[in-house]
Amino acid sequence: MNTQKLLHSLLGLAGTISLTLSSCNNYDFGQEFYKNEVGLLSSGEMMIYDRQVLDLNAENQVINIVGNLSGSQRPGQDMSFTIVPDDSLFMRYNKTNFDLDESRFAHILPKDCYEMPSMTGTIKAGNGQGLIPIVIKNIERLSPDSTYLLDFKIDETVTPNVNAKKKHVLLKLSYKNEFASTKTSTDYTYRNTFVSVLTEGSNTSRKLSSSVRLFPLGKNSVRMLAGDETYKNYVEALPDINAKSIILEVGDINPKDESARFVTIKPYKTIEVVQMPAILNYSNTYRLTEDKLPGGRSDFYKEFQLHYKYRVRPDEPFKEVKASFRLKVEKYADKL
């Protein structure tokens, strides 16, 4: 009896296997692979792409819109995709970040600051990405206090198989020079910095112990708040920035000290500033310095040493500034 039951079980199993194999022969396994769809490389809910940082020392730089191909297998033929300008992400960015405060709105990059040779890119057969280059120019015309964006979407009327969730991209432009960047805050630490109010018969002096933020302007220039000036908050900052900021322009190498470059101090807008003669460690120079540490290690810094006086309004006394501030860097980073 047990033998007979076992025989029936084996016959049943054989039938099941036969039916399964027959079904597999009739099944299209290709439908289980994800199909190839084109999307634009970005991150986050705002679909921002901000990985590339422009260099103020270079001309006509290229940033790329990256077309990404999804799917389990790479296609055997080229796939093209075309983009068109859009403003939906741009409007959403301003609404999300600044609500109705138009004074803080980001800006679309001016047309005289970029060129696009083509609005179409190609993903080559066997590859997963294709590029649409954008030539960026006239960066020095941009304000470090503003955010600049470019908004694009895939043109679905001429591009087949579009990834609906990745068909937009918002390019966020950042730029830098040797001394500062707009992508991340560039804060130099004050050391041995003193501000003195120059009044007749009495000079009051105080030491600064915090930091100062530098903003890139041109190839060899940065902007900073003068002396001990501050502003209240970001919303009300622009008038204070215009009234209280100075420009540091880094020039030629000092022939008497090849580790240092001369710095010229200029007004940014309305501030009155006078560059004073170099004294001691306030030599009106920019230099790369090394602090030697125990065990043969070293720390490396970018350092400004300045001597100047300024006043924000004509009816105020001048303030004399003896400033030294520096930024820690990797030894070989940013031309060190």
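The shown structure was predicted, so the numbers you read here are calculated from the model rather than taken from an experiment.

Chemist: What am I meant to see in the overall build of the protein chain here?
Modeler: Counting its regular elements, the protein chain contains 3 helices and 23 strands. Relative to all contacts within the protein chain whose residues are 6 or more apart in sequence, the contacts with residues 24 or more apart total 65%.

Chemist: Can you help me understand the pairing of strand E22 (residues 298-311) in this one?
Modeler: Remember that side chains alternate between the two faces of the sheet whenever the strand is regular. Where burial is concerned, most of E22 is hidden: 11 out of the 14 residues are buried. Bridge count between strand E21 (residues 285-292) and E22: 8 bridges; the pairing is antiparallel. Bridge pairing links Lys 292 to Ser 298 in E22. What sits between E21 and E22 in their antiparallel hairpin is a turn of 5 residues, with Gly 295 showing a positive phi close to 80°. Note that E22 and strand E23 (residues 319-329) share 11 bridges and pair antiparallel. Paired with Phe 304 across the strands is Phe 325, a residue of E23.

Chemist: Please clarify how the pairing of strand E5 (residues 79-85) should be interpreted in this entry.
Modeler: Across 4 bridges, the pairing between E5 and strand E8 (residues 120-123) is antiparallel. For Met 79, the partnering residue across the bridge sits in E8 and is Ile 123.

Chemist: I'm lost on the side chain of Glu 178 in this one. Help?
Modeler: With respect to the helices and strands, the residue Glu 178 is situated in the loop between strand E11 (168-176) and strand E12 (187-190). A distance of 3.1 Å separates polar atoms of two side chains, one belonging to Glu 178 and the other to Arg 261.

Chemist: I would appreciate a short explanation of unusual backbone geometry in the present structure.
Modeler: The phi angle at Asn 60 is positive, at roughly 45°, despite the residue not being glycine. Along the chain, the position of Asn 60 falls in the loop between strand E3 (53-55) and strand E4 (61-69). Phi angles above zero are rare outside glycine, and Leu 280 is one such case at about 45°. By the secondary structure assignment, Leu 280 is in the loop between strand E20 (272-275) and E21. In this structure Leu 280 comes out as exposed when scored by relative accessible area, which is 81%.

Chemist: Just checking my understanding: could you explain the sheet that holds strand E9 (residues 129-136) for this structure?
Modeler: By definition, the strands of a sheet pair up through backbone hydrogen bonds, in either a parallel or an antiparallel sense. Strand order across the open sheet formed by 4 strands is E1-E4-E9-E7, with antiparallel pairing between neighbours. Two strands in the sheet have a free side with no partner beyond their single neighbour: strand E1 (38-40) and strand E7 (114-115). Direction of pairing for E4 relative to E9: antiparallel, over a ladder of 8 bridges. Looking across to E9, one finds that Val 66 is bridged to Leu 131.

Chemist: Where do I start with the environment of Arg 74 in this structure?
Modeler: Structurally, Arg 74 can be placed in the loop between E4 and E5. Separated by 51 residues in sequence, Arg 74 and Ala 125 place their C-alpha atoms 7.2 Å apart. Leave out the neighbours within four places in its chain, and Arg 74 touches Leu 69, Gly 126, Asn 127 and Gly 128.

Chemist: What exactly am I supposed to notice about the nonpolar core here?
Modeler: Burial of nonpolar side chains together is a common tendency in soluble globular proteins. The biggest cluster of nonpolar side chains holds 31 residues, and the ones touching the most others in it are Ile 65, Leu 109, Ile 134, Ile 136 and Leu 171. Elements that contribute at least two residues to this core include exactly E1, E4, E5, E9, strand E10 (148-154) and E11. Residues contacting Ile 136, with those up to four places away along its chain left out, are Leu 54, Asn 60, Gln 61, Ile 63, Leu 109, Cys 113, Tyr 114 and Leu 173. Counting 28 residues, the second-largest nonpolar core is a separate cluster that includes Leu 208, Phe 304, Tyr 310 and Ala 323.

Chemist: Help me understand the confidence of the model for the protein chain in this model?
Modeler: Should the pLDDT be low somewhere, the predicted coordinates at that spot are not to be read in detail. Of the residues in the protein chain, 87% reach a pLDDT of 70 or more, and the chain-wide mean stands at 87. When pLDDT is averaged over each helix and strand of the protein chain, the minimum, 48, is found for helix H1 (residues 2-25) and the maximum, 98, for E20. Between residues 16-32, whose pLDDT stays under 50, and residues either more than four places distant or in other chains, the model counts 2 contacts.

What counts, and where the lines are drawn
- Residues numbered from 1 in each chain as written.
- Predicted model: local features only at pLDDT ≥ 70, side-chain atom pairs only at ≥ 80, totals over all residues.
- Heavy atoms only, no water.
- Helix = DSSP H or I, 4+ residues; strand = E, 2+ residues; numbered from the N terminus.
- Contact = heavy atoms within 4.5 Å.
- Buried < 20%, exposed > 50% of the residue type's maximum accessible area, 1.4 Å probe, protein only.
- Pairing = 2+ DSSP bridges.
- Polar contact = N/O pair within 3.5 Å; in protein donor to acceptor, adjacent residues only side chain to side chain.
- Core = buried A, V, L, I, M, F, W, Y, C linked by side-chain atoms within 4.5 Å.
- pLDDT = per-residue confidence, 0-100.

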